[in-house]
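# Coordinate inspection notes
Single-letter residue listing:
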Amino acid sequence: MVQSVASPWPTLSPAARDLFRQGAEIVLHPRAEWIEELHEASLGGDSMRAVAEDPVLTEGTKRANLANLLHWAAANVQHPGRRVSANLNQEVLDGARDMVRRGFDSGGLDAYRRAQGVAWRRWIEICFDLTSDPVLLRELLDVSSLSITTFIEDTVSAVSERMAAERTELTRGAHAERRATVTLLLEGAPISRSRAEAQLGYPLAGPHTAAIVWSGSATPSSQQLETAAETLMRAGGASHRLTVVASAAALWVWLPGRTPPRADRLAEDLAPHPDVRVALGRPGSGIDGFRRSHLDAAATQRMLARLTSPQQIARYQDIQLLALLTGDPAQAGEFIADTLGELRHADAETRETVRTYVHELGNTTRTAERLYTHRNTVVRRLARADELLPRPLAENAVDVAVALETLRWLGSGA
């Protein structure tokens, strides 16, 4: 239930009300560093680690944080200092629904309270910039403290009720049974293969390739995700698939077979859906392979999110080394800068020529064939690359190849 306030809500003086409105107008257009600080606080700490490690839940939490901030600010521009109604906007409800579908309880809403501390400190700074009158300042801060705390608690209470209703809904029907069975398999619980197969309608004895299909859009389309999953199945040459709705913005998919979909074909087929992303695990066999392939796909998804990569399709075997090297994005950036020098700013053709040349073990003829260009063009590009590199390519080929591969996944964000 939404909390009630024991005593009557305080009334601001006209002067304090005017200051409250001015402050709310500032909050309504928050600076980028405020928002970043808000997100870092909300996703920090051990209790939020599982949420922070899931790109879909992370983005949902960030959208909810910003929605809460703007909801409170907009209400106080209209009615300064009055009690603000709980925020049940779509961004907040979508984030809460995703948490329920991932198996989280209302403890995931601790993100709101963590963000509240940051918002309160920023609001104090705004108030001190608005007035130095101690009487006005005290009045403003007293009502502000009550307003912010009550708003967050009202919102947490209201959203918790919605989460309970969503959880009740999910405990009914085939979806809930399928999701619960997959969770047991991924956690290594002692569930028999025959029982799991009967509940999933999917054979577990053979080979599998797992994928995570998700959307980076703030308003994901379930139909678009389903179309992408169907495209994935066709690209993998499979006749059926196991699909679990992980959240409003993500599907977990398993395909029977050892041959994963070709990334280039899949990228071509998914071109009409640029918001959809796909992370593929390595093929595996049996229940252990079912689990490991999914964990591979989840690691790939996390890496793409961590690097803010523009790549639409990623396979675990393509990013396994990068996942180890890019645990700290800042250090990865330093490695690229130190290793490539000015080559990192060169045209894409030159960088791709160097990367292919190293992969072809220094064979210019095979490099030209791979790039569908003339051997002399390859030689000219390699000479240009040597001019831009801090050290000659021949002395540092492995590091250069790794740096270029990392830069390729980072894209324009590097």
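Given the structure is predicted, the values throughout are model-derived calculations rather than measurements.

## A word on the overall build of the chain
- A count of helices and strands for the chain gives 18 helices and six strands.
- With the C-alpha coordinates aligned to their principal axes, the bounding extent of the chain is approximately 80 × 60 × 35 Å.
- Residues counted as buried form 46% of the 414 residues belonging to the chain.
- Restricting to contacts in the chain with at least 6 residues of sequence separation, those with at least 24 account for 73%.
- Here the chain has roughly 19900 Å² of accessible surface; of this, 51% comes from carbon and sulfur atoms.
- Each charge class in the chain can be summarised by its mean position, and for the 46 positive and 51 negative side chains these summaries are 5 Å apart.

## Things to note about the packing of aromatic side chains
- Evaluation of the coordinates by the stated rule reveals five aromatic pairs.
- An angle of 45° between the planes, with centres 5.2 Å apart, marks the rings of Phe20 and Trp123 as tilted. Here Phe20 is found in helix α1 (residues 14-27), whereas its partner Trp123 is found in helix α6 (residues 110-130), with 103 residues between them in sequence.
- Phe20 sits in the buried class, given a relative accessible area of 0%.
- Relative accessible area serves as the criterion here: at 2%, Trp123 is assigned to the buried category.
- Measuring from ring centre to ring centre gives 6.3 Å for Tyr202 and Phe290, while their planes differ by 55°; the resulting arrangement is tilted. On the criterion of sequence distance, the pair formed by Tyr202 in the loop between α9 (193-200) and β1 (207-215) and Phe290 in helix α12 (residues 286-306) is long-range, its members being 88 residues apart. The pair formed by Tyr202 and Phe290 is uniform in burial state, with each residue classed as buried.

## Overview of the nonpolar core
- Val182, Trp252, Trp254, Phe290, Leu340 and Leu343 are the most contacted members of the largest nonpolar core, which totals 50 residues.
- The element that contributes the greatest number of residues to this core is helix α18 (residues 397-410), accounting for seven residues.
- Counting residues domain by domain, this core receives three or more from each of domain 2 (175-323) and domain 3 (328-409).
- The residues contacting Phe290, other than those within four sequence positions of it, are Val182, Leu185, Leu186, Tyr202, Leu204, His208, Leu242 and Trp254.
- If you look at the next biggest cluster of nonpolar residues, it comprises 40 residues, including Val84, Leu109, Leu137 and Leu141.

## Points about unusual backbone geometry
- Positioned with a positive phi, Leu361 is a non-glycine residue whose angle comes to about 55°.
- Positive phi outside glycine occurs at Tyr372, with the angle close to 55°.

## Observations concerning the domain arrangement of the chain
- Domain annotation of the chain identifies domain 1 (14-170), domain 2 (175-323) and domain 3 (328-409).
- Centre-to-centre, using C-alpha coordinates, domain 1 lies 47 Å away from domain 3.

## Considerations on the packing of α1 against helix α4 (residues 55-78)
- Interaxial distance between α1 and α4 falls to 8 Å at its minimum, and their mutual angle equals 150°. Crossing of α1 against α4: the hand is left-handed. Taken together, the residues of α4 that come into contact with α1 (itself represented by Phe20, Arg21, Ala24, Glu25 and Val27) are Leu69, Leu70, Trp72, Ala73, Asn76, Val77 and Gln78.
- Grouping the amino acids of the contact of α1 with α4 by side-chain chemistry returns eight nonpolar, two polar and two charged.

## Overview of the UniProt feature "domain: PucR C-terminal helix-turn-helix" (unreviewed entry) in the chain
- Residues annotated by UniProt as "domain: PucR C-terminal helix-turn-helix" (unreviewed entry) correspond here to residues 351-405.
- Taken end to end, residues 351-405 is 73% helix and 0% strand, and its first and last C-alpha atoms sit 10 Å apart.

## Quick notes on the pairing of β1
- With respect to burial, β1 is a largely interior element, eight of its nine residues being buried.
- Alignment of β1 against strand β5 (residues 284-285), held across two bridges, turns out to be antiparallel. The residue of β5 that forms the bridge with Pro207 is Ser285.
- For β1 and strand β3 (residues 250-256), the ladder comprises seven bridges, and the chain directions are antiparallel. When the bridges of β3 are listed, Val213 appears paired with Leu251.
- Sheet topology places β1 next to strand β4 (residues 276-280); five bridges connect them, and they run antiparallel. Its bridge partner being in β4, Trp214 is matched across the sheet by Arg277.

Rules of the game
- Residues numbered from 1 in each chain as written.
- Predicted model: local features only at pLDDT ≥ 70, side-chain atom pairs only at ≥ 80, totals over all residues.
- Heavy atoms only, no water.
- Helix = DSSP H or I, 4+ residues; strand = E, 2+ residues; numbered from the N terminus.
- Buried < 20%, exposed > 50% of the residue type's maximum accessible area, 1.4 Å probe, protein only.
- Contact = heavy atoms within 4.5 Å.
- Areas by Shrake-Rupley, 256 points an atom, 1.4 Å probe, with all protein chains shown as cover.
- Lys, Arg positive; Asp, Glu negative; His and termini not counted.
- Charge placed at Lys NZ, Arg CZ, Asp CG, Glu CD.
- Phe/Tyr/Trp six-rings, centres within 6.5 Å; stacked < 30°, edge-to-face > 60°.
- Core = buried A, V, L, I, M, F, W, Y, C linked by side-chain atoms within 4.5 Å.
- Domains from an automatic or database assignment.
- Axes fitted to C-alpha atoms, helices over the stretch in contact; angles between N-to-C directions.
- Left-handed = near helix turned anticlockwise from the far one by under 90°.
- Nonpolar A, V, L, I, M, F, W, Y, C, P; charged D, E, K, R; others polar.
- UniProt positions renumbered as here; feature names shortened; annotations may be inferred.
- Pairing = 2+ DSSP bridges.

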